[in-house]
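# Structural overview for review
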Amino acid sequence: MRARIADEWSVTHIGEHRPAEMEHDGVVAAARRAIGERPLQVEVDNQVPLARGVGSSAAAFVAGAAAAMRAVGDEATPDRVFRVAADMEGHADQAAAAVYGGLVLAPAEGMPLRLPFHPSLRPVVAIPESRLPTQEARAVLPASYTRPVVIRSVARAAALTAGLITGDPQLLAAAHGDEIHEAPRDAMSPEVGKLIDVAKRAGALHAARSGAGPSVVAIATTETVDQVVGAFREWGVDVIADALETSGLI
């Protein structure tokens, strides 16, 4: 993304992944939030698929805020950009991942904390052609959950965090079966369950809906990553299997 001071606002999107003509433009919205109405000329080459559950809105907010700050000579520190993006996103987790990279814990209070990601693990993301706007996915979530669901969910979150740090297969296996975000959305994107099964049969230690979906993130190992990638591709979806980004977008 490039931004420079101009006489009036303009934005040009190039590449495959761009918002539709009438869709909200997160890049421009974040740029304006970061610096006010000082006009910029902006060029965006987005590589993040939209409405697939891989953090495109958070990436747009982070890129827009950081580029705008730099264009007007302000210091785009990670913490400052994070605050803008998290406020616009409405929650801190995806904004934290986009800003800081790696395995990031977004606590209920305070700033994000980067955790060690075990070197034997390899994330693989399967991206179907279908789209699922985040607002639609959020709308189906219930207003409350029963106590047993909450207890099981806390245990799964703890197992997942510990598993990603230690690489322990049993901990990662114990994290499956999310009932808060995945189960209520099963009917919206039935391909998610099928892709999770594909990943596990190919050797993934853990697989889950990525964000709101319909993408699926699988946690493979250095020994099984090629098998998981191949299984996803045989199923006919796009695959991202790049090395874990540890420095974020800025």
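Computed from a predicted structure; not experimentally measured.

One pass over the full model with this rule turns up eight salt bridges. Salt-bridge contacts for Arg138 lead to Glu89; the nearest nitrogen and oxygen are separated by 4.0 Å. In this pair, Arg138 sits in helix α5 (residues 134-139) while Glu89 sits in helix α3 (residues 78-89), placing the two residues 49 residues apart along the sequence. On the accessibility criterion, Arg138 (29% relative accessible area) is partly exposed.

The subject of this paragraph is helix α2 (residues 56-71). The end-to-end C-alpha distance of α2, which contains 16 residues, comes to 22 Å, matching closely the 22 Å that a straight helix rising 1.5 Å per residue would cover. Where burial is concerned, most of α2 is hidden: twelve out of the 16 residues are buried. Listed in full, the buried residues belonging to α2 are Ser56, Ala58, Ala59, Ala60, Phe61, Val62, Gly64, Ala65, Ala66, Ala67, Ala68 and Met69. Those residues of α2 hidden inside the fold are in contact with β1 (2-5), α1 (26-35), β3 (40-45), α3 and α4 (92-100). Directly beyond the C-terminal end of α2, a positive phi value near 90° is found at Gly73.

Attention now moves to the packing of aromatic side chains. Considering all chains together, one arrives at one aromatic pair under this definition. With centroids separated by 5.8 Å and ring planes inclined at 50°, the aromatic side chains of Phe82 and Tyr100 adopt a geometry described as tilted. One end of the pair, Phe82, is in helix α3; the other, Tyr100, is in helix α4, with 18 residues separating them in the sequence. Tyr100 carries the same exposure label as Phe82, and that label is buried. Across from the ring centre of Trp9, 4.6 Å away, lies the NZ or CZ of Arg32, which sits over that ring.

Here the focus is the packing of α1 against α3. Where α1 meets α3, the closest approach of the two axes is 10 Å, and the angle between their N-to-C directions is 125°. One finds that α1 runs oblique with respect to α3. The hand of the α1/α3 crossing is right-handed. In contact with Ala29, Ala30, Arg33 and Ala34 of α1, α3 contributes Arg80, Val84, Asp87 and Met88.

Quick look at the sheet that holds strand β8 (residues 216-221) now. What the four strands build is an open sheet, ordered β7-β8-β6-β9; its pairing is antiparallel. Looking at the sheet topology across the chains shown, the edges are occupied by β7 (206-209) and β9 (238-240). Between one strand axis and the next, the sheet turns through 25° on average, direction left out of account. This element, helix α8 (residues 191-201), spans β6 (121-127), β7 and β8 of the sheet and lies at about 165° to β7.

In this section: the nonpolar core. Formed by 30 residues in total, the largest nonpolar core has its most connected members in Leu40, Ala65, Met69, Val81 and Phe82. Residue assignment for this core shows that the elements contributing at least two residues are α1, β3, α2, α3 and α4. Sort the elements by how many residues they give to this core and α2 lands first, with seven residues. Residues in contact with Leu40, not counting those within four places in the same chain, are Ala3, Arg4, Ile5, Ala6, Glu8, Trp9, Ser10, Ala31, Ile35, Ala68, Ala71 and Val72. By size, the runner-up hydrophobic cluster in this structure holds 20 residues, among which are Leu195, Val216, Ala218 and Val229.

So, about the layout of surface pockets. There is about 1,100 Å³ of room inside the second largest pocket. Lining the second largest pocket are 44 residues, with Leu50, Ser56, Ser57, Ala59 and Ala60 sitting closest to its centre. Mapped by element, the contributors of at least two residues to the lining of the second largest pocket are α1, β3, α2, α3 and α5. Tallying contributions element by element places α2 first for the lining of the second largest pocket, with nine residues. Here the residues of the lining of the second largest pocket sort into 20 nonpolar, 15 polar and nine charged.

The next thing to look at is α1. The element α1 is extensively covered by neighbouring structure, given that seven of its ten residues are classed as buried. All of the buried residues along α1 are Gly26, Val27, Val28, Ala30, Ala31, Ala34 and Ile35. Here the buried face of α1 lies against β2 (10-14), β3, α2 and α3.

Take the side chain of Asn46 next. Secondary-structure assignment places Asn46 in the loop between β3 and α2. Asn46 sits in the buried class, given a relative accessible area of 18%. At 2.8 Å, the side chain of Asn46 and the backbone oxygen of Val48 are in polar contact. Beyond its immediate chain neighbours, meaning those up to four positions away, Asn46 contacts Ile14 and His17.

The rules behind these values
Residues numbered from 1 in each chain as written. Predicted model: local features only at pLDDT ≥ 70, side-chain atom pairs only at ≥ 80, totals over all residues. Heavy atoms only, no water. Salt bridge = Lys/Arg side-chain N within 4 Å of Asp/Glu carboxyl O. Helix = DSSP H or I, 4+ residues; strand = E, 2+ residues; numbered from the N terminus. Buried < 20%, exposed > 50% of the residue type's maximum accessible area, 1.4 Å probe, protein only. Expected span 1.5 Å × (residues − 1). Contact = heavy atoms within 4.5 Å. Phe/Tyr/Trp six-rings, centres within 6.5 Å; stacked < 30°, edge-to-face > 60°. Lys NZ or Arg CZ within 6 Å of the ring centre and 35° of its normal. Axes fitted to C-alpha atoms, helices over the stretch in contact; angles between N-to-C directions. Parallel < 35°, antiparallel > 145°, perpendicular 65-115°, else oblique. Left-handed = near helix turned anticlockwise from the far one by under 90°. Pairing = 2+ DSSP bridges. Core = buried A, V, L, I, M, F, W, Y, C linked by side-chain atoms within 4.5 Å. 1 Å grid on protein atoms, 1.4 Å probe; cavity = no way out; pocket = protein on both sides within 12 Å on 5 of 7 lines; lining within 4 Å. Points joined across faces, edges and corners; volume = space filled by probe spheres on them. Nonpolar A, V, L, I, M, F, W, Y, C, P; charged D, E, K, R; others polar. Polar contact = N/O pair within 3.5 Å; in protein donor to acceptor, adjacent residues only side chain to side chain.

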